Amino acid sequence: MMVDICVIMSVYNEPLLYVKQSVESILNQTKHDFKFVIVCDNPKRLELIEFLDNYRQKDQRIVLFINPKNSGLAKSLNTAFR
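Residues numbered from 1 in each chain as written. Predicted model: local features only at pLDDT ≥ 70, side-chain atom pairs only at ≥ 80, totals over all residues. Heavy atoms only, no water.

Participant: Hey, could you go over the packing of aromatic side chains for me, with residue numbers and the actual values?
Facilitator: Applying the stated criterion across every chain yields a total of one aromatic pair. Measuring from ring centre to ring centre gives 5.4 Å for Phe51 and Tyr55, while their planes differ by 75°; the resulting arrangement is edge-to-face. Taken as a pair, Phe51 and Tyr55 lie in helix α2 (residues 46-58) at a separation of four residues, close to a single helical turn. Each member of the pair, Phe51 together with Tyr55, is buried. (Phe/Tyr/Trp six-rings, centres within 6.5 Å; stacked < 30°, edge-to-face > 60°. Helix = DSSP H or I, 4+ residues; strand = E, 2+ residues; numbered from the N terminus. Buried < 20%, exposed > 50% of the residue type's maximum accessible area, 1.4 Å probe, protein only.)

Right under this line is the structure:
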């Protein structure tokens, strides 16, 4: 699917409620033709990975990357950008 818009987001240790609110806000936009790339920069936080993977399974617009180790915001956003 070719899209004009790609939204990128990196998460690390934010409360699940904040992540849920952020993801829902993006997914509920009036424009639906976009990719949503999420990078989890905390591979040890399994509940966050599971939470994000549930969203990915429900919505084909989501692409999920899990960094093998904490890389920081800039590197995580560059990962999403690539």
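More follows now that the structure is in view.
Participant: An account of the nonpolar core is requested, with residue identities and associated values reported.
Facilitator: In terms of nonpolar packing, the biggest core is built from 16 residues, with Val11, Val19, Val23, Phe36, Ile38 and Leu52 touching the most fellow members. Sorting the residues of this core by element identifies β1 (5-11), α1 (16-27), β2 (34-40), α2 and β3 (62-66) as the ones contributing at least two each. When neighbours within four sequence positions are excluded, Val19 is seen to be in contact with Val11, Glu14, Leu48, Phe51 and Leu52. (Core = buried A, V, L, I, M, F, W, Y, C linked by side-chain atoms within 4.5 Å. Contact = heavy atoms within 4.5 Å.)

Participant: Can you tell me about the sheet that holds β3, naming the residues and giving the values?
Facilitator: Spatially, three strands are ordered β1-β2-β3 in an open sheet, and the strand pairing comes out parallel. A single partner strand is all that each edge strand has here, and the edge strands are β1 and β3. Strand-to-strand twist across the sheet, computed as the mean angle between neighbouring axes with direction ignored, equals 15°. Pairing of β1 with β2, which is carried by seven bridges, proceeds in the parallel orientation. By the bridge assignment, Ile5 is partnered in β2 with Phe34. Helix-sheet contacts for α2 involve β1, β2 and β3, and the interaxial angle to β3 is about 155°. Packing of helix α3 (residues 73-81) onto the sheet brings it into contact with β1, β2 and β3, and relative to β1 it is tilted by some 150°. (Pairing = 2+ DSSP bridges. Axes fitted to C-alpha atoms, helices over the stretch in contact; angles between N-to-C directions.)

Participant: Lay out α1 in plain terms, naming residues and giving numbers.
Facilitator: The end-to-end C-alpha separation of α1 is 16 Å, in line with the 16 Å expected for 12 residues at 1.5 Å each. Listing the buried residues of α1 in full gives Val19, Val23 and Leu27. Across the axial projection of α1, the buried residues extend over an arc of 60°, all falling on one side. Against β1, β2, α2 and β3 lie the buried residues of α1. (Expected span 1.5 Å × (residues − 1). Arc of directions from axis to C-beta.)

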